[in-house]
Protein chains: 2
Amino acid sequence: MKEDGIGLDVTLEVVCGKWKGLILWKLIHENHLRFNALRRSLDGNISSRILARELKKLIQDGLVERIDYETVPPRVEYRVTPYGRTTASFLEKMNEWGIHHKRRADQQESLTDVSNQLKEQ
Amino acid sequence: MKEDGIGLDVTLEVVCGKWKGLILWKLIHENHLRFNALRRSLDGNISSRILARELKKLIQDGLVERIDYETVPPRVEYRVTPYGRTTASFLEKMNEWGIHHKRRADQQESLTDVSNQLKEQ
DNA sequence: CGGCATCCCGTCCGATACTG
DNA sequence: CAGTATCGGACGGGATGCCG
């Protein structure tokens, strides 16, 4: 019996990819955003196609809720569900770790630059 | 100024994919494993090609260390670095969340089965 | 405004076979 | 034992354009 990676695999599935984690994070902190507002808030460089697709996955997993106001012009809001909000437990930690890692990566960058220069000789 | 997803993106890069998180998790808990031992411990269905590739990435990021004993037959061990061990902060949380989510997903499965049956009519 | 359709590319992942 | 070589499919991600 392995009490190990029992749960890790499914979490990786849910949050994996470049965007789903960031989308969740945004919705957790902003609470209900319209489609394009969400889009602009994500570094600005996610295409609407990708955003729509990733949102669908999050909705399927029950983490995000779609509210269509059925107006013209259309107005649709996305909100994190109470259940989706529970992902904050690890997203928070991931964010903290990433901040530290970014500093470290910057330091290593100058190191690899040096080793690349050595290789080129 | 956004103090938001500043770090989350890089964490997603490091841990993303189907395997890297699981490999890290294993190495954190087992401390130094040989290539094939690690392979067998990962649900058994990762190919050696994929494992070798993912390990290289983890090594590049400074999270895992490769120790080659230079013997014949070859003996190579992989060990998580002290820095790599810091990822446990969020891997732990991800694992916990995944365990809960798995239960929830099982419940929803029966629900979607029902809705699929309805659609087919 | 909130998407979907199309096309395209790079990466992820896998199976199989082979080598030092 | 610890990988690499080769091939191939699936998926992620992006650009562009169109629609109700």
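Right above here is the structure, for reference.
Reference entry: report on the structure contained in this document. Keep in mind that this is a model prediction, so the values were computed, not measured. (Residues numbered from 1 in each chain as written. Chains lettered and ligands numbered in written order. Predicted model: local features only at pLDDT ≥ 70, side-chain atom pairs only at ≥ 80, totals over all residues. Heavy atoms only, no water.)

**Focus: the protein's contact with DNA strand C**
In the vicinity of DNA strand C, 20 residues are found, and the nearest of them are Arg66 and Tyr78 of chain A together with Lys18, Trp19 and Arg49 of chain B. Among atoms of DNA strand C positioned within 4 Å of the protein, sugar and phosphate together represent 68%. For DNA strand C, a phosphate oxygen lies 3.4 Å from a polar atom in the backbone of Val76 of chain A. No other element matches the 5 residues that helix 4 (residues 48-60) of chain B contributes to the surface near DNA strand C. (Near = heavy atom within 4 Å. Polar contact = N/O pair within 3.5 Å; in protein donor to acceptor, adjacent residues only side chain to side chain. Helix = DSSP H or I, 4+ residues; strand = E, 2+ residues; numbered from the N terminus.)

**Considering the environment of Asp106 of chain A**
With respect to the helices and strands, Asp106 of chain A occurs in helix 6 (residues 88-120). Along the chain, Asp106 of chain A and His32 of chain A lie 74 residues apart, while their C-alpha atoms are 35 Å from each other.

**Some details on the packing of aromatic side chains**
The tally for this structure, following the rule as stated, stands at 6 aromatic pairs over all chains. Both rings, one in Trp97 of chain A and one in Phe90 of chain B, keep their centres 5.5 Å apart while their planes meet at 70°; by these two values the pair is edge-to-face. Taken together, the residues span two chains, with Trp97 of chain A in helix 6 and Phe90 of chain B in helix 6 (residues 88-120). Residue Trp97 of chain A shares its accessibility class with Phe90 of chain B, and that shared class is buried. Arg104 of chain A extends its terminal NZ or CZ atom over the ring of Tyr83 of chain B, reaching a point 3.8 Å from the ring centre. Here the guanidinium or amino end of Arg75 of chain B rests over the ring plane of Tyr69 of chain B, the centre of that ring lying 4.8 Å away. (Phe/Tyr/Trp six-rings, centres within 6.5 Å; stacked < 30°, edge-to-face > 60°. Buried < 20%, exposed > 50% of the residue type's maximum accessible area, 1.4 Å probe, protein only. Lys NZ or Arg CZ within 6 Å of the ring centre and 35° of its normal.)

**With respect to the environment of Gly98 of chain B**
Take Gly98 of chain B: it is sitting in helix 6. In the structure, Gly98 of chain B is positioned 63 residues away from Phe35 of chain B in sequence and 27 Å away in space, judged by C-alpha atoms. Not counting the four nearest positions on each side in its chain, Gly98 of chain B is found in contact with Gly7, Val10 and Thr11 of chain A. (Contact = heavy atoms within 4.5 Å.)

**What to know about the pairing of strand 3 (residues 76-80) of chain A**
All names here are of chain A. For strand 3, a buried count of 4 out of 5 residues is recorded, marking the element as mostly surrounded by other parts of the structure. Both strand 1 (residues 33-34) and strand 3 contribute to a ladder of 2 bridges, which runs antiparallel. Paired with Arg34 across the strands is Glu77, a residue of strand 3. (Pairing = 2+ DSSP bridges.)

**A short note on helix 2 (residues 20-30) of chain B**
Residues and elements named next belong to chain B. For helix 2, a buried count of 9 out of 11 residues is recorded, marking the element as mostly surrounded by other parts of the structure. Within helix 2, the full set of buried residues consists of Lys20, Gly21, Leu22, Ile23, Leu24, Trp25, Lys26, Leu27 and Ile28. Among the residues trailing helix 2, Asn31 stands out with phi positive, at a value near 60°.

**Things to note about the sheet that holds strand 2 (residues 64-68) of chain A**
All names here are of chain A. Taken in spatial order, the 3 strands of this open sheet run 1-3-2, and their pairing is antiparallel. For this open sheet the edge positions go to strand 1 and strand 2, each flanked by a neighbour on one side alone. Examined bridge by bridge, strand 2 and strand 3 share 5 bridges and lie antiparallel to one another. When the bridges of strand 3 are listed, Ile67 appears paired with Glu77. Relative to the sheet, helix 2 (residues 20-30) contacts strand 1, strand 2 and strand 3, its axis offset from that of strand 3 by approximately 90°. Running over the sheet, helix 4 (residues 48-60) touches strand 2 and strand 3 and is turned about 115° from strand 2. (Axes fitted to C-alpha atoms, helices over the stretch in contact; angles between N-to-C directions.)

**Things to note about the packing of helix 2 of chain A against helix 4 of chain A**
Residue and element names in this part refer to chain A. Orientation of helix 2 relative to helix 4, taken along the N-to-C sense of each, is 75°, at an axis distance of 10 Å. Taken together, the axis directions place helix 2 and helix 4 in an arrangement best described as roughly perpendicular. Of the residues in helix 4, those touching helix 2 at Lys20, Ile23 and Leu24 are Leu51, Glu54, Leu55, Lys57 and Leu58. Split by residue class, the contact of helix 2 with helix 4 holds 5 nonpolar, no polar and 3 charged. (Parallel < 35°, antiparallel > 145°, perpendicular 65-115°, else oblique. Nonpolar A, V, L, I, M, F, W, Y, C, P; charged D, E, K, R; others polar.)

**Looking at the state of the cysteines**
For the coordinates displayed, the defined rule picks out 1 disulfide over all chains. For Cys16 of chain A, the disulfide goes to Cys16 of chain B, at an S-S distance of 2.4 Å. One disulfide, between Cys16 of chain A and Cys16 of chain B, carries an S-S torsion of 120° and so falls in the right-handed class. Residue Cys16 of chain A is located in the loop between helix 1 (8-15) and helix 2, and its partner Cys16 of chain B is located in the loop between helix 1 (8-15) and helix 2; the two belong to separate chains. (Disulfide = S-S within 2.5 Å.)

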